Structure formats: structure tokens, C-alpha cells
Amino acid sequence: MSRRAQENLVAFLFLFFFLAMIYLSYDYTYKARMVPVPIYVISALIMLLQIYFMNFKKNINLNVDAAELLTGGKSKDSVKGPEKTEQVKIQKVEGGSELAAISMIVLYLVMTLLIGILPAMFLFVFGFFILITKMKWYISLLVTLATEVSIYILFSYVLQIKFFQGWLVKLFLG
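Now for a description of the structure that goes with this document. Note that the structure is predicted; figures quoted are calculated from it, not measured.

## Re the nonpolar core
A general tendency of soluble globular proteins is for nonpolar side chains to be buried together.
Consideration 1: Judged by nonpolar contacts, Ala11, Leu15, Phe18, Met21, Ile22, Tyr40, Ala44, Met47, Ile51 and Met54 together constitute the single largest core of 10 residues.
Consideration 2: When residues of this core are traced back to their parent elements, those giving at least two are helix 1 (3-25) and helix 2 (36-56).
Consideration 3: In contact with Ile51, not counting residues within four places along its chain, are Ala11, Phe12 and Leu15.

Here is the structure:
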């Protein structure tokens, strides 16, 4: 089988997968298919475009060299360093432990149960940016607010999903 036939086979398999997923998504409720159907439709259209370019446009090179992506478009000759090999020193970087990671997840779960999803997400993301990534507090606050607002708009307004409010919020606010 030629290289072109293999590429066409893979492209058509992806296309049929996307079309099958579109068909299967229509068994979902209206709200549940708001996300997968547009994604699969756009993916199928892009795959059709790729099939068209692969078979009917001869002057377009669709081959992507991953090395060029990683080196910023430079050729492998310009990226090569000096011919001499130097001894590489490995610096040990202190990282977190598994216990700390599991503790963070448990803390987020407890905060979600007590105060609700949105306030817990705000505190968790803000705390993560300040304590773990060592960002400045105002940049952390801006990123956290942007994340919170975008999630609120997407889920509350677009998808009309009600967030869990938390046990303490329900206890004090009814």
C-alpha cells in the first residue's frame, strides 16, 4: 500500500469516526449534545478539507516536521550546536510529594462539599497560583477571576447548569 493510500485510509477512518460520533450524539438530550456535536462537525469539516488538499491540490505540502515545530522553524543544520560534547551537569530540583498532591485534592473536595463549587474553585486556583507557582498575588487574582467568570458564564448561562452550593451555604442561607 502506498504512502498516499495509507494517509487517505487514516483520514477516512477519522472522518467516519467523527460522523459516527455525530450520529450517536443525537441520542443525547438537547443540552447534552451542545458540546460534542459542534466539535465533531468542525472536526469532520477539517478532515474533509484535509482529504481534499491531500488528493486534489498538488502544490500544497501537508507534511509537518515535528522538529521544525519544536525548533521554531529552523532547519536541523542551524540548530546543531558545537561538535564537541560537553559534560552535562544535572541539577536536582526539589518537587512535591504524592502525599502533598493527594492532600490538595482532598482539601479541594472538602472545600467543595462545605462551601460549594465556585467558591472552592476560586480559593483553590488562587491558592495554587500563589503557593505552588509563586505568581504575584495580583496576577494570580486576575487569572483566577478570569477563570471563575468564564466557567460561570459557560456553565450557568450557556449550559444552564446549577452549581452545588455546599453544606455550610445551605445551612446558613437556607
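Once the structure has been displayed, the description carries forward.
## Focus on the environment of Lys162
Consideration 1: Residue placement: Lys162 occurs in the loop between helix 7 (137-158) and helix 8 (167-173).
Consideration 2: With relative accessibility at 79%, the residue Lys162 sits in the exposed group.
Consideration 3: Expressed as a C-alpha distance, the spacing of Lys162 and Tyr152, which sit 10 residues apart in the sequence, is 9.8 Å.

## As for the packing of helix 6 (residues 117-132) against helix 7
Consideration 1: Where helix 6 contacts helix 7, the axes come no closer than 9 Å and their chain directions differ by 150 degrees. Between helix 6 and helix 7, the crossing angle belongs to the class labelled roughly antiparallel. Of the two possible hands of crossing, helix 6 and helix 7 adopt the one that is right-handed. Contacts between helix 6 and helix 7 involve Leu118, Pro119, Met121, Phe122, Val125, Phe126, Phe129 and Ile130 from the former and Trp137, Ser140, Leu141, Val143, Thr144, Leu145, Glu148, Ile151 and Tyr152 from the latter.
Consideration 2: The class makeup of the residues in the contact of helix 6 with helix 7 is 14 nonpolar, two polar and one charged.

## Concerning a nonpolar patch on the surface
Consideration 1: Residues Ile102, Val106, Val110, Leu114, Trp167, Leu168, Leu171, Phe172 and Leu173 make up a contiguous nonpolar surface patch of about 960 Å² in total accessible area.
Consideration 2: Put simply, the parts of the chain that give the nonpolar patch at least two residues each are helix 5 (98-115) and helix 8.
Consideration 3: Sorting elements by how many residues they give to the nonpolar patch places helix 8 first, with five residues.
Consideration 4: Structurally, the position occupied by Ile102 is in helix 5.
Consideration 5: You can call Ile102 exposed: its relative accessible area is 53%.

Reading the values: rules and limits
- Residues numbered from 1 in each chain as written.
- Predicted model: local features only at pLDDT ≥ 70, side-chain atom pairs only at ≥ 80, totals over all residues.
- Heavy atoms only, no water.
- Core = buried A, V, L, I, M, F, W, Y, C linked by side-chain atoms within 4.5 Å.
- Buried < 20%, exposed > 50% of the residue type's maximum accessible area, 1.4 Å probe, protein only.
- Helix = DSSP H or I, 4+ residues; strand = E, 2+ residues; numbered from the N terminus.
- Contact = heavy atoms within 4.5 Å.
- Axes fitted to C-alpha atoms, helices over the stretch in contact; angles between N-to-C directions.
- Parallel < 35°, antiparallel > 145°, perpendicular 65-115°, else oblique.
- Left-handed = near helix turned anticlockwise from the far one by under 90°.
- Nonpolar A, V, L, I, M, F, W, Y, C, P; charged D, E, K, R; others polar.
- Patch = residues over 30% accessible without salt bridge, like charges linked within 9 Å, V, L, I, M, F, W, Y side chains within 5 Å.
- Areas by Shrake-Rupley, 256 points an atom, 1.4 Å probe, with all protein chains shown as cover.
- Salt bridge = Lys/Arg side-chain N within 4 Å of Asp/Glu carboxyl O.

Function-wise, these values are silent; they only describe arrangement.
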